[in-house]
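One letter stands for each residue in the lines below.
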Amino acid sequence: MTTDPVKTGFIVAIPARYAASRLPGKPLRLIGGEPLVLHVARRALAAGAGEVWVATDDERIREALRGTGVRVAMTRDSHASGSDRLAECADIAGWPDDAVVVNLQGDEPFAPVAGIRTVARTLVDSGAEMATLATPVESAELLFDPNVVKLVRADSGDALYFSRAPIPWHRDAFARDRSALPQGPWLRHIGIYAYRAGFLRRFTGLPPGQLEQIESLEQLRVLESGYRIAVALTPEPFPPGVDTPEDLARAEQHWSRGA
């Protein structure tokens, strides 16, 4: 009988680099008096992960997690992306190639449990090499914001493309007016991923593709290389992550309201 890895306990891995450019020391910034990275790890534990790992490059982050049950992998400080850091974590931890791994960004202190479980379930059910989440775009302002990643997907649910540009381009509606959102399949990408550990290793060993370099979106490397990314709609909203001091202040307010 085949074991269901979502029911028996998938792995959640959290990349946590100390020297974030816009918010130095971000993983250790406090929300409700506790480090940001600890809040993220608790969301992973609450989702039912069999193992929760934090992949970091700083001993202070390891110390902040001591005694929590969260495992820590000390990785190199030269990694270009969180995926690269998790690939090293996979080797340190010795994950088998078929292990289901959810890459939860280290700046998501309020990631919904249902969303974490959904991306793992989507990977298993779809048979794709990677899975991720999306949510409907709510306004024309978001659609045209290059900091908001958009995507289009096939009828099967697989991603066709990711872009910082508005996709698909509504030729007639946008010729008339770009201030209003016309009816359409507008989707915003949520940066949470699931993959098997073996594909994580393979993916990070591939050279960056041309589209990836143009858009500065590493998930395009997967599509350029001919692999599938299954996309599910998130069952609950993902509150904004923490990337700037202003985001941190909003997160503190959000935590206070929740507390």
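All figures in this text were calculated on a predicted structure; none of them were measured in a lab.

Observations concerning the overall build of the chain
(1) Moving on: Secondary structure assignment for the chain yields 11 helices and 11 strands.
(2) Moving on: Since a compact globule built from 259 residues should have a radius of gyration of about 18 Å, the 18 Å found for the chain is in line with a globular shape.
(3) Moving on: Projected onto its principal axes, the C-alpha positions of the chain cover 60 × 45 × 35 Å.
(4) Moving on: Long-range pairs, those at least 24 residues apart, make up 68% of the contacts in the chain between residues at least 6 apart in sequence.
(5) Moving on: Accessible surface, the chain as shown: approximately 12,300 Å² in total, 49% of it carbon and sulfur.
(6) Moving on: In the chain, 29 side chains carry a positive charge and 33 a negative one; their mean positions are 2 Å apart.

Quick word on helix α2 (residues 36-46)
(1) Moving on: For α2, the complete set of buried residues consists of Leu 36, Val 37, Leu 38, His 39, Val 40, Ala 41 and Ala 44.
(2) Moving on: Gly 48, located one to two residues past α2, shows a positive phi value of around 95°.

Here we look at the environment of Arg 176
(1) Moving on: Relative to the helices and strands, Arg 176 is located in helix α7 (residues 171-176).
(2) Moving on: The exposed category is assigned to Arg 176, whose relative accessible area is 66%.
(3) Moving on: When the C-alpha positions of Arg 176 and Arg 153 are compared, they lie 26 Å apart, and in sequence the two are 23 residues distant.
(4) Moving on: Within the local environment of Arg 176, its side chain forms a polar contact with the backbone oxygen of Asp 172, the two atoms lying 3.4 Å apart.

Details of the packing of aromatic side chains
(1) Moving on: Evaluation of the coordinates by the stated rule reveals seven aromatic pairs.
(2) Moving on: Plain terms: the ring middles of Trp 53 and Trp 95 are 6.1 Å apart, the flat faces sit at 80° to each other, and that makes the pair edge-to-face. Of this pair, Trp 53 sits in strand β4 (residues 51-56) while Trp 95 sits in the loop between α4 (82-93) and β6 (100-103); the two residues are 42 residues apart in sequence, bridging distant segments of the chain.
(3) Moving on: Since its relative accessible area comes to 10%, Trp 53 is described here as buried.
(4) Moving on: Residues Phe 199 and Tyr 227 carry aromatic rings whose centres are separated by 5.0 Å and whose planes lie at 75° to one another, so their mutual orientation is edge-to-face. Here Phe 199 is found in helix α8 (residues 197-205), whereas its partner Tyr 227 is found in the loop between α10 (219-224) and β11 (229-233), with 28 residues between them in sequence.
(5) Moving on: Owing to a relative accessible area of 4%, Phe 199 belongs among the buried residues under this scheme.
(6) Moving on: For Tyr 227, a relative accessible area of 23% gives the class partly exposed.

Cut-offs applied
- Residues numbered from 1 in each chain as written.
- Predicted model: local features only at pLDDT ≥ 70, side-chain atom pairs only at ≥ 80, totals over all residues.
- Heavy atoms only, no water.
- Helix = DSSP H or I, 4+ residues; strand = E, 2+ residues; numbered from the N terminus.
- Rg over C-alpha atoms; globule rule 2.2 N^0.38 Å.
- Contact = heavy atoms within 4.5 Å.
- Areas by Shrake-Rupley, 256 points an atom, 1.4 Å probe, with all protein chains shown as cover.
- Lys, Arg positive; Asp, Glu negative; His and termini not counted.
- Charge placed at Lys NZ, Arg CZ, Asp CG, Glu CD.
- Buried < 20%, exposed > 50% of the residue type's maximum accessible area, 1.4 Å probe, protein only.
- Polar contact = N/O pair within 3.5 Å; in protein donor to acceptor, adjacent residues only side chain to side chain.
- Phe/Tyr/Trp six-rings, centres within 6.5 Å; stacked < 30°, edge-to-face > 60°.

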